[in-house]
Amino acid sequence: MSFKNLIQSHKTYISIIFILTLFFSLAAIQFPLLNILGFEYSIAHSILFVIVSGHSAIFLLNRKIELTAILQLQFVFLLIPIVVGLINSFFVKNCSLIEGFEFYFLFTVISSIFGLSLGALVTSLIKKFRYLFFVLLFIFIFGWSLWIYYISPQLYLFNPIFGYFPGFVYDEEIFISRTILNYRFSILCISVLLISFSVMLKRIKDGAKRENLLPILLLGFIGIVLISVLIFFADSFGYGTSQAKLKKAFSKKIETSHFNIFLSKDSVSVYQEKLLSYQSEIVYEDLRNYFQVELKDKIDIFIFESNDAKRNLLGTAVADFTKPWLKQIFLTEENFADVIKHELAHIFAGEFSDNIFKSANGLNLGLIEGTAMAAEWNWLDNSLHFYSANIYRFIGEIEPTVFFKNLTFATKPSSLSYVLCGSFVRYLIDEYGIERFKKLYSTGDFSTVYGKSKKLLADEYISFVKKFPIDKRDSLSTIYYFQRDAISDKPCLRYIAVNIRKGFELIKEKNYVEAETLFRELWAKVESPGNAYAYMLSLFYQKRINDCVKFFEKNFGRKNFNPKFIQAYLVASNAYALSDKVVKAKNILNMLSAINLSGEYLNGIETRKILIEHKNILEQLLFSDDKEEVVSKILNQFRQNVIVYRYLFNYLDDEQKQWLFVKDAKNFNTIERAFYWSLERFDFDFCEKILRSAHKIFLNEIQMNKTTFWQNLLSRFTP
């Protein structure tokens, strides 16, 4: 039957599929990330088209429709999402339609062919209940990936139905890697084999000669081999990371009372080994007391040397994460001290969960992350209540319970979601006790657990947090931290992230001209803080200082100061200083010093104020390949300058550090550095002296918590 006859003879069926596909595409573009022809849009339609293609194949092959006509019909259906996506691109910015087409072909089109192959296979092998068998096959293939996610450490998933899923912890950067290409090509080959096998088998059943059986058996054998390779050799091809593969990548194992700590390098100093062990055990004790629960099994902590190493094995570069049901934590070495308490809190909270993922009822992100934040408590330089109070004062009143809806939590700036949920959960625990909160975590029912509505609890919390003292100087830092674009609100998210990475790789290779071209294109598409900084930096490194200044003045000179563009302002201050416009450079730095981000940040600004007065030294610091030589000159010129010594602490010799500790004994950042420096040298007497100094100055709640932690750490180091 020809394609034209197919359309005429099955108008109703085709119209239903057409309308359903159109409705799905129109519904998809109503949601963030799905509203452009790109990665997420293609993944969603991949799942749809496996179902549509499989159902169509069974329905039409049963009615003796030729496969070529069915393929033509699938092509028409595949055009619907493309048309919808293209039309929507007039209303929602899409920086690269070419990239969108690449994702669409690689995921949606190949998934459509795969769905067709499943339908054809079921039709050729099964006589009755074909639709039921197709559904069961779909569920099995889809469920296989969920099972792999559940038992394996990886976040990412490869699956014939949707192609590739990076995991529930999202990195902004997603690109078509060689691994993804190889996998999708394999699925395409398997699909073609299955279709060929099904067609030939059907012909034999329809009366063709039996001598054609050998090619059928050969096709079936090759298909089984390919499928087996994808399943059983997934580790080797990069399509999966099993527990065995992960542990093989870690050559060093440290065992403590409650942990197995895996390190990817053999050469770990005695100090590092003790520090990791003791820090983990102290955090364990804190959380055990806080949650009033004891863990039965040891916890595995995998510490990666770099973000790239974590990406290669687990699928995410940026995020550190935990799988509570596996009692496994995955993080990078540089982040260990900052995130271990948060990640371990997820495992403790899992002890009062009833579901298989050991997470809050309904996998409620607000409860899951809010609980970990409440237990961690330290965030940057202050408490969660402090930051929440600033949010309500300088950004506006937001009811915290709205973040206990997963869509709201995921589509708001992550800093806002995490801090408000953490602050609210901490209030509930402090006010009503941990036992009630355990019931809330396992049931998700606020009214039953607390005898009050979520609205009433939220009102109580807002009244409580508004009583915290507010400093007007924190207004700009609050805007900087909490009025960022959420991942779902960033235009051209994937395209920008991938190309920013490419651009900075070019800068690292000193290919500044090509980097400038790329960053100029990105700025023309999206005027974001990251793009402004990157473009100005590419000009600056070419020593096109005047062009850098012109760009800054054109885009920021006549606008009100925007703290979101901190990095661009810093580059501008350097450019003005090297253009002998020191006053303008100082004006910018004065504006930046009004953003009270942290003591370390403010000291960096003060150091820049000193260096801009010395053009030659500043120029050497910014452009020289031999940083250590330049730093040595700076330390000689600014001998015993507390501000400069703080900024260049890692370059100081022992004598200079000792001098700084004596002269700057009231600065908490200096005290913290002094403690760990002394601890690494096993100078326990000096550690005690530092702790005594810390207790002589005014400490906020977070600083007091830190000094208590140091005291516990020192007691474990001390023989």
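Source: prediction; values computed, not measured.

Draft legend 1. Representation of the overall build of the protein within the structure. Secondary structure summary: the protein contains 35 helices and nine strands in total. Computed over C-alpha atoms, the radius of gyration of the protein comes to 30 Å, within 12% of the 27 Å expected from 2.2 N^0.38 for 719 residues, which places it in the range of a compact globule. By its C-alpha atoms, the protein is 95 × 60 × 55 Å across when sized along the principal axes. A buried classification covers 53% of the 719 residues belonging to the protein. Taking the contacts inside the protein whose residues are at least 6 apart along the sequence as the reference set, 66% of them involve residues at least 24 apart.

Draft legend 2. Spatial organisation of the packing of aromatic side chains. The final tally for this structure, using the stated rule, is 78 aromatic pairs. Between the aromatic rings of Trp379 and Tyr387, the centroid separation amounts to 5.0 Å while the plane-to-plane angle is 85°, which identifies the pairing as edge-to-face. Each member of the pair Trp379 and Tyr387 is classed as buried. Note on Phe552 and Tyr569: the rings are 5.4 Å apart at their centroids and 80° apart in plane angle, and the pair reads as edge-to-face. Taken together, the positions of Phe552 in helix H25 (residues 545-556) and Tyr569 in helix H26 (residues 566-578) put the pair 17 residues apart, joining distant regions of the chain. Owing to a relative accessible area of 6%, Phe552 belongs among the buried residues under this scheme. We classify Tyr569 as buried; its relative accessible area is 2%. Linked through ring pairs, Trp523, Tyr535, Phe551, Phe552, Phe556, Phe561, Phe565, Tyr569 and Tyr576 together constitute an aromatic cluster.

Draft legend 3. Region of interest: the state of the cysteines. Tallying each qualifying case throughout the model produces one disulfide. Each sulfur in the disulfide pair Cys95 and Cys492 lies 1.9 Å from the other. Handedness of the Cys95-Cys492 disulfide follows from its S-S torsion of about 80°: it is right-handed. With Cys95 in the loop between helix H4 (67-88) and helix H5 (97-125) and Cys492 in the loop between helix H21 (475-482) and helix H22 (493-508), this residue pair connects regions lying 397 residues apart in the sequence.

Draft legend 4. Examining unusual backbone geometry more closely. Phi at Leu380 is positive, roughly 60°, even though this residue is not glycine. In this fold, Leu380 is placed in the loop between strand S8 (378-379) and strand S9 (382-383). Accessibility expressed as a relative area gives 40% for Leu380, which makes it partly exposed.

Draft legend 5. Region of the structure containing the packing of helix H13 (residues 336-349) against helix H14 (residues 365-376). Two numbers describe how H13 lies on H14: the axes approach to 8 Å, and their chain directions differ by 125°. Compared by their axis directions, H13 and H14 come out oblique. Of the two possible hands of crossing, H13 and H14 adopt the one that is right-handed. Across the interface between the two elements, Asp338, Lys341, His342, Ala345, His346 and Ala349 of H13 pack against Ile368, Glu369, Thr371, Ala372, Met373, Ala375 and Glu376 of H14.

Draft legend 6. Focus on the side chain of Glu173. Of note, Glu173 is situated in the loop between strand S2 (163-165) and helix H7 (178-205). Here Glu173 falls in the buried class, since its relative accessible area comes to 15%. Apart from residues lying up to four places away in sequence, Glu173 is in contact with Arg311, Arg494, Ala497, Val498 and Arg501.

Draft legend 7. Quick look at the sheet that holds strand S3 (residues 252-255). Spatial ordering of the open sheet is given by S3-S4-S5-S7-S6, a layout of five strands whose pairing is mixed. Among the strands making up the open sheet, the edge pair consists of S3 and strand S6 (321-323). For this sheet, the mean inter-axis angle between neighbouring strands, taken without regard to orientation, is 20°. Pairing of S6 with strand S7 (residues 328-332) involves three bridges; the strand directions are antiparallel. Opposite Thr322, over in S7, you have Ile329 as the bridge partner. Strand contacts of H13: strand S4 (259-263), strand S5 (299-304), S6 and S7, with the helix running at about 160° to S7, the strand carrying the most contacts.

Draft legend 8. Representation of H14 in the model. Across its 12 residues, H14 extends 16 Å between first and last C-alpha, which sits within 8% of the 16 Å expected from 1.5 Å per residue. Most of H14 is tucked away, with 11 of its 12 residues classed as buried. The set of residues buried in H14 consists of Gly366, Leu367, Ile368, Glu369, Gly370, Thr371, Ala372, Met373, Ala374, Ala375 and Glu376. The N-cap of H14, judged by a side-chain oxygen 3.0 Å from the amide nitrogen of Gly366 a few residues on, is Asn364. Positioned one or two residues after H14, Trp377 has a phi angle of 70°, which is positive.

Draft legend 9. Representation of the environment of Phe302 within the structure. Structurally, the position occupied by Phe302 is in strand S5. Under the relative-accessibility criterion, Phe302 is labelled buried at 0%. Distance in space between the C-alpha atoms of Phe302 and Leu263 is 6.4 Å, their sequence separation being 39 residues.

Draft legend 10. Region of the structure containing the pairing of S7. Within S7, five of the five residues are buried, leaving the element largely enclosed by the surrounding structure. Side chains Gln328, Phe330 and Thr332 of S7 all project onto a buried face; the interleaved residues Ile329 and Leu331 project onto the opposite face, where all are buried too. Examined bridge by bridge, S5 and S7 share five bridges and lie parallel to one another. Note that in S7 the partner of Asp300 across the bridge is Gln328. Once S6 ends, the chain turns through four residues before running back antiparallel as S7, passing Lys327 with a positive phi of about 55°.

Draft legend 11. Up close: helix H32 (residues 654-663). Of all the residues in H32, the buried ones are Gln656, Lys657, Trp659, Leu660 and Phe661. Backbone nitrogen of Glu655 and a side-chain oxygen of the N-cap are separated by 3.2 Å at the start of H32; the cap is Asp653.

Thresholds applied
Each chain has its residues counted from 1, following the order in which its sequence is written. Reporting of local features is limited, given that this is a predicted model, to residues whose pLDDT is at least 70; pairs of side-chain atoms are given and counted only at 80 or more, and all residues count toward the totals for whole chains, interfaces and linings. Side-chain calculation: all heavy atoms of the structure are included, whereas hydrogens and water are not. In this description a helix means any DSSP run of H or I spanning at least four residues, a strand means any run of E spanning at least two, and both kinds are numbered starting from the N terminus. All radius of gyration figures rest on C-alpha atoms, and the globule criterion is 2.2 Å times the number of residues raised to 0.38. Relative accessibility decides the category of a residue: with a 1.4 Å probe and only protein chains considered, values under 20% of the type maximum give buried, values over 50% give exposed, and everything between is partly exposed. Any two residues having at least one pair of non-hydrogen atoms within 4.5 Å are treated as being in contact. Working definition: a ring pair exists when centres of Phe, Tyr or Trp rings (six-membered ring for Trp) sit within 6.5 Å. Plane angles under 30 degrees give stacked, over 60 give edge-to-face, the rest tilted. Note on terminology: disulfide denotes any pair of cysteine sulfur atoms within 2.5 Å. Working convention: axes come from line fits to C-alpha atoms, limited for helices to the stretch in contact. Angles between N-to-C directions cover 0 to 180 degrees. Between 65 and 115 degrees an angle is taken as roughly perpendicular, under 35 as roughly parallel, over 145 as roughly antiparallel, and anywhere else as oblique. Helix crossings fall into two classes, left-handed where the near helix is turned counterclockwise from the far one by less than a right angle and right-handed where it is turned clockwise. Two strands qualify as a pair provided DSSP detects at least 2 bridges between them. In this scheme, a helix's expected span is set at 1.5 Å multiplied by one less than its residue total. Two N or O atoms form a polar contact when they lie within 3.5 Å of each other; inside protein one atom must be a possible hydrogen donor and the other a possible acceptor, and for residues adjacent in sequence the pair counts only when both atoms belong to side chains.

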